[in-house]
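Okay, here's what each chain looks like letter by letter:
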Amino acid sequence: MSDVRQGTRLLIVGPPGSGKGTQAGRIADEYGVPAISTGDIFRANVKNETPLGVQVKAIMDAGDYVPDSLTNELIEDRLGQPDAERGFLLDGYPRTAAQVEYLDSLLASKGESLTAVVQLTADLDEIVERLRKRALDQGRSDDTEEAIRHRQDVYLRETGPLISEYEGRGILVEVDGLGTIDEVASRIDAALAARGIRPTAAA
Ligand code: AMP
C-alpha cells in the first residue's frame with residue numbers, strides 16, 4: 001500500500017557541513033519527495049552566470065545570507081512546481097524569522113503546514129574540519145576557513161530562534177548528526193517513524 005498521505009512537508013536543519021545535504025538527498029529518494037536546497041539553486045545560478053547568480057555571488061562568497069526578498073521569491077516559484085505538490089524536503093530554507101513567516105503564509109494559503117523539522121546536531125569544530133576537507137576536494141570558493149567560521153556564526157545567530165519556534169510548535173525532531181551516513185540515516189528514519197512518517201517505498 002502506498003503511503004502518500006496528505007503530503008510530507010519536511011525541513012532539515014543543521015549547521016553548514018553537518019551532512020544535511022547528504023541526508024536530504026537520501027530522505028527525498030526514500031520518502032518520495034523532491035529535495036529543495038536554496039544553496040544548490042543559488043550555486044547553479046552563480047555557475048551559469050544568470051542575472052540572479054551575478055547578483056548573489058559576492059554575498060555567497062562572503063558567507064552572508066542572500067536577501068529574504070530574493071530567497072522567498074525563489075522558494076515560492078520552486079514550491080509552485082508540480083513535483084512539490086505532494087510534499088517536499090527543504091534544505092537551507094527557511095533560515096531567518098522572516099523566511100519562516102513567509103513560508104508559513106505560503107503554505108497556509110494552500111491549507112498546508114510543515115509536517116516535521118529534522119534538526120541534525122553536531123560539534124562545530126568537527127564540522128569546520130569536514131568543510132576544510134570538502135573545500136580542498138571541490139574547490140568551493142566560499143569555503144575558506146574564515147568564511148566557514150563566519151557561516152557557523154551566522155547560522156547560530158539566525159537559526160537558533162527559528163529552531164525554538166518549531167520546537168514550540170511541537171514539530172522539531174532532534175537527531176544526533178555525528179556518525180556514519182547510515183547511522184545518521186537510521187536515527188532520522190526512527191525519529192520520523194515515531195511521528196508516523198514513513199518511506200513511501202518501504203517493503
Ligand atoms: P548552503 O549550501 O545551504 O550552505 O547555502 C550556501 C549559501 O547560499 C549561503 O551561505 C547563503 O549565501 C545562500 N543561501 C542559501 N539558502 C539561503 C537562505 N535560505 N537565505 C539566505 N541565503 C541563503
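Look a little higher up for the structure.
A quick note: this is a predicted structure, and the numbers were derived from the prediction, not measured. (Residues numbered from 1 in each chain as written. Predicted model: local features only at pLDDT ≥ 70, side-chain atom pairs only at ≥ 80, totals over all residues. Heavy atoms only, no water.)

> What's the story with the site of the ligand in this structure? I'm lost.
Around the ligand sit 14 residues, and of these Thr38, Arg43, Asp64, Gly92 and Arg95 come closest. Measuring from an oxygen atom of the ligand, one finds a side-chain N or O atom of Arg43 at 2.9 Å. For the ligand, whose accessible area on its own is 470 Å², the fraction buried by protein is 96%. If one sorts the elements of the shell around the ligand by residue count, helix H2 (residues 38-47) sits on top with four residues. Its residues placed into classes, the shell around the ligand shows five nonpolar, five polar and four charged. (Near = heavy atom within 4 Å. Polar contact = N/O pair within 3.5 Å; in protein donor to acceptor, adjacent residues only side chain to side chain. Areas by Shrake-Rupley, 256 points an atom, 1.4 Å probe, with all protein chains shown as cover. Helix = DSSP H or I, 4+ residues; strand = E, 2+ residues; numbered from the N terminus. Nonpolar A, V, L, I, M, F, W, Y, C, P; charged D, E, K, R; others polar.)

> Looking at this structure, I do not really get the packing of helix H4 (residues 68-79) against helix H5 (residues 97-108). What am I missing?
Running from amino to carboxyl end, H4 crosses H5 at an angle of 30°, the nearest separation of the two axes being 10 Å. Considering their axes alone, H4 and H5 lie roughly parallel with respect to each other. As for how H4 packs across H5, the hand of that crossing is right-handed. Judged by residue contacts, Asp68, Thr71, Asn72, Glu76 and Leu79 of H4 engage Ala98, Gln99, Tyr102, Leu103 and Leu106 from H5. Partitioning the contact of H4 with H5 into residue classes produces five nonpolar, three polar and two charged. (Axes fitted to C-alpha atoms, helices over the stretch in contact; angles between N-to-C directions. Parallel < 35°, antiparallel > 145°, perpendicular 65-115°, else oblique. Left-handed = near helix turned anticlockwise from the far one by under 90°. Contact = heavy atoms within 4.5 Å.)

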